[in-house]
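# Remarks on the overall topology
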Amino acid sequence: MTINLAVLASGRGSNLQAIVRATEEGKLDAKVVLVLSDKADAKALDFAREKGIAAVHVSPKDFAQKSDYEAELLRQIDQVDCQLICLAGYMRILSPYFIQNAKVPVMNIHPALLPAFPGLHSQKQALDYGVKIAGCTVHFVDEGMDSGAIILQKSVPVLDDDTEDTLSARILEQEHQAYWQAIQLFAENKLVVEGRTVKIKGE
Ligand code: GRF
């Protein structure tokens, strides 16, 4: 069954693009029906509009409280028939209000092998720590920060001469595969969540 996705993005939108590309190539049985952004100038919004996808800027500044802002996001999402909310470079932490009131699961991609290096600048955190393996994680979003149940992870080597930029680029390449693959597993109803553990049916 084709599932509909609502995507929240704040910036460049390369993960959004990779998801849309996977749908166009027939690898991902899903359709992005709505892109929401907290930033008016997010490239993700431009890309969505070029593709004819509904794209809406919702400014947090227009709302007195975070929950009011998030209620508007949820209202927009409720207007479309979607089965999954995907965070793709959405740079705000969703409050428990959003998670408790979302009618469908929320997924996120993080550029580190969680639970290592949550939060911002994960690739720099990994370099500073001196790890030899870095990577990305697709996970369900819970009320914590980058703490939800892990669906897929992909690893990359850290090279001696890596900078934050070179390591980020190597990880990003893997992000662009991992995200659509995780969404496809969800679309195929293959993800079985048992507490912190996500099992993949048939694997
Ligand atoms: C990615 O590295 C993603 O893992 C992180 O933010 C970045 C967003 O990049 N959450 P893009 O906007 O998808 O290009």
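Here is a short report on the structure shown in this document.

Conventions used here
Along every chain, residues carry numbers that run from 1 in the direction the sequence is written. Totals for whole chains, interfaces and linings use all residues, but because this is a predicted model, local features are given only for residues with pLDDT of at least 70 and pairs of side-chain atoms are given and counted only at 80 or more. Note that water and hydrogens are dropped before the side-chain values are worked out from all heavy atoms of the structure. Numbering goes from the N terminus for both helices and strands, where a helix is a DSSP run of H or I of at least four residues and a strand is a run of E of at least two. The buried label applies to any residue whose accessible area, calculated with a 1.4 Å probe on protein chains only, is under 20% of its type's maximum; exposed applies above 50%, and partly exposed to all values in between. By definition in these notes, contact holds between two residues if any of their heavy atoms fall within 4.5 Å. Neither His nor the chain ends contribute to the count of charged residues, in which Lys and Arg are positive and Asp and Glu negative. Note on charges: their place is set at NZ of Lys, CZ of Arg, CG of Asp or CD of Glu. The nonpolar core is taken to be a set of buried Ala, Val, Leu, Ile, Met, Phe, Trp, Tyr and Cys residues, with the residues joined through side-chain atoms within 4.5 Å. Note: domain ranges come from an automatic or database domain assignment. Residues are counted as near a molecule or strand when any one of their heavy atoms sits within 4 Å of it. Pairs of N or O atoms within 3.5 Å make up the polar contacts considered here, provided that, within protein, one atom can donate a hydrogen while the other can accept it, and that residues adjacent in sequence are counted only when both atoms are side-chain atoms. Per-residue and other accessible areas were derived by the Shrake-Rupley procedure at a 1.4 Å probe size, with only the shown protein chains allowed to occlude residues. In this analysis, the protein atoms alone were mapped onto a 1 Å grid. Cavities are point sets where a 1.4 Å probe fits without being able to get out; pockets are open sets with protein on both sides within 12 Å along at least five of seven lines; lining residues have an atom within 4 Å of a point. Occupancy of a cavity or pocket is assigned to a molecule whenever over half of its atoms lie within 2 Å of that pocket's grid points.

The number of helices and strands found in the chain is six helices and nine strands. Along the first, second and third principal axes, the C-alpha set of the chain runs to 50 × 40 × 35 Å. Within the chain, buried positions represent 50% of all 203 residues. Within the chain, contacts between residues separated by at least 24 positions form 62% of all contacts whose residues are at least 6 apart in sequence. Distance between charge centroids for the chain: 1 Å, based on 21 positive and 27 negative side chains.

All right, on to the nonpolar core then. M107 and I183 are the most contacted members of the largest nonpolar core, which totals 49 residues. Among the elements that take part in this core, helix α6 (residues 164–187) stands out by supplying 10 residues, more than any other. When residues are assigned to domains, this core turns out to be shared by domain 1 (1–104) and domain 2 (108–203), each giving three or more. In this structure, L34, L74, C82 and I99 belong to the second largest nonpolar core, which totals 21 residues.

All right, on to the site of the ligand then. R12, G13, S14, N15, G89, I109, H110, P111 and E175 make up every residue found near the ligand. In the model, an oxygen atom of the ligand is placed 2.8 Å from a nitrogen or oxygen of the G13 main chain. Coverage of the ligand by the protein amounts to 87% of the 370 Å² it exposes when considered alone. Comparing atom positions with the cavity grids shows the ligand to sit within the largest pocket. Mapped by element, the contributors of at least two residues to the shell around the ligand are α1 (14–24) and β5 (106–110).

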